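Close look at the chain arrangement
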Amino acid sequence: MMSAWPPTAADAGTVLVINERLSIPLSEIELSATRAQGNGGQHVNKTSTAIHLRFDIRASSLADELKERVLLRADQRITRDGVVVIKAQQHRSQEANREAALARL
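Presented here is a report on the structure given in the accompanying data block. Just so it is clear, the structure is predicted and the values come from calculations on it, not from any experiment. (Residues numbered from 1 in each chain as written. Predicted model: local features only at pLDDT ≥ 70, side-chain atom pairs only at ≥ 80, totals over all residues. Heavy atoms only, no water.)

What about the overall build of the protein?
Note the following rule: A helix here means a DSSP run of H or I that spans at least four residues, while a strand means a run of E at least two residues long, and both kinds are numbered starting from the N terminus. Buried means the residue's accessible area, taken with a 1.4 Å probe over protein chains only, is under 20% of the maximum for its type, while exposed means over 50%, and partly exposed covers the values in between. When checking whether two residues touch, look at their non-hydrogen atoms; a contact exists if any pair is within 4.5 Å.
Of the regular secondary structure elements, the protein holds 2 helices and 5 strands. When the elements of the protein are put in sequence order from the N terminus, they spell out β-β-β-β-α-β-α. Across the 105 residues of the protein, 30% fall into the buried class. Put simply, 44% of the contacts in the protein that link residues at least 6 apart link residues at least 24 apart.

Considering the sheet that holds strand β5 (residues 83–88)
What counts here: Only when DSSP finds a minimum of two bridges between them are two strands counted as paired. Only the stretch in contact is used when a helix axis is fitted, and all axes are lines through C-alpha atoms; the angle between N-to-C directions ranges over 0 to 180 degrees.
Pairing is antiparallel across the open sheet formed by 3 strands, whose spatial order is β3-β4-β5. On the outer flanks of this sheet lie β3 (29–34) and β5, each paired with one strand and no other. Between one strand and the next, the sheet's axes are offset by a mean angle of 15°, whatever the strand orientation. Note that strand β4 (residues 50–56) and β5 share 6 bridges and pair antiparallel. Note on β5: the bridge partner recorded for Phe55 is Val84.

Considerations on the environment of Gln94
With respect to the element layout, Gln94 can be found in helix α2 (residues 94–104). Exposure remark for Gln94: the relative accessible area of 39% places this residue in the partly exposed category.

Observations regarding α2
All of the buried residues along α2 are Asn97, Ala100, Ala101 and Leu102. Elements that come into contact with the buried residues of α2 comprise β1 (15–19), β3, β4 and β5.

Brief notes about the pattern of salt bridges
Applicable threshold: The working definition used for a salt bridge is a side-chain nitrogen of Lys or Arg within 4 Å of a carboxyl oxygen of Asp or Glu.
Applying the stated criterion across every chain, the model contains 4 salt bridges. Between Arg98 and Glu95 there is a salt bridge, with its nearest N and O atoms 3.8 Å apart. Of the two residues, Arg98 and Glu95 both sit in helix α2, 3 residues apart, roughly one turn of that helix. A relative accessible area of 26% means that Arg98 is categorised as partly exposed. With a closest N to O distance of 3.0 Å, Glu99 and Arg98 form a salt bridge. Residue Glu99 is classed as partly exposed on the basis of its relative accessible area, which comes to 41%. In the salt-bridge network here, residues are joined through shared partners; they are Glu95, Arg98 and Glu99.

As structure tokens, then:
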């Protein structure tokens, strides 16, 4: 369900605000921590700092016409099943990668 604009204090931390007319409930976005890949020192490959974000467009509360517009995009991050998959691992902290993944969505 899309939240009313502007978000209220009760919405803080429960919705991702896209613009002044659209927000997505965080409950529709799956975030999981994984190990970062590549260089980064001794600590980086032992902790789960990277974030995998998954957002199922078809199962979301977005309006049907918006779902169709998004699904028609030629974007490699959208699977055939209509799931947006984003991996964020550029930061050293899990929280910073979480924010980066949400911003990219």
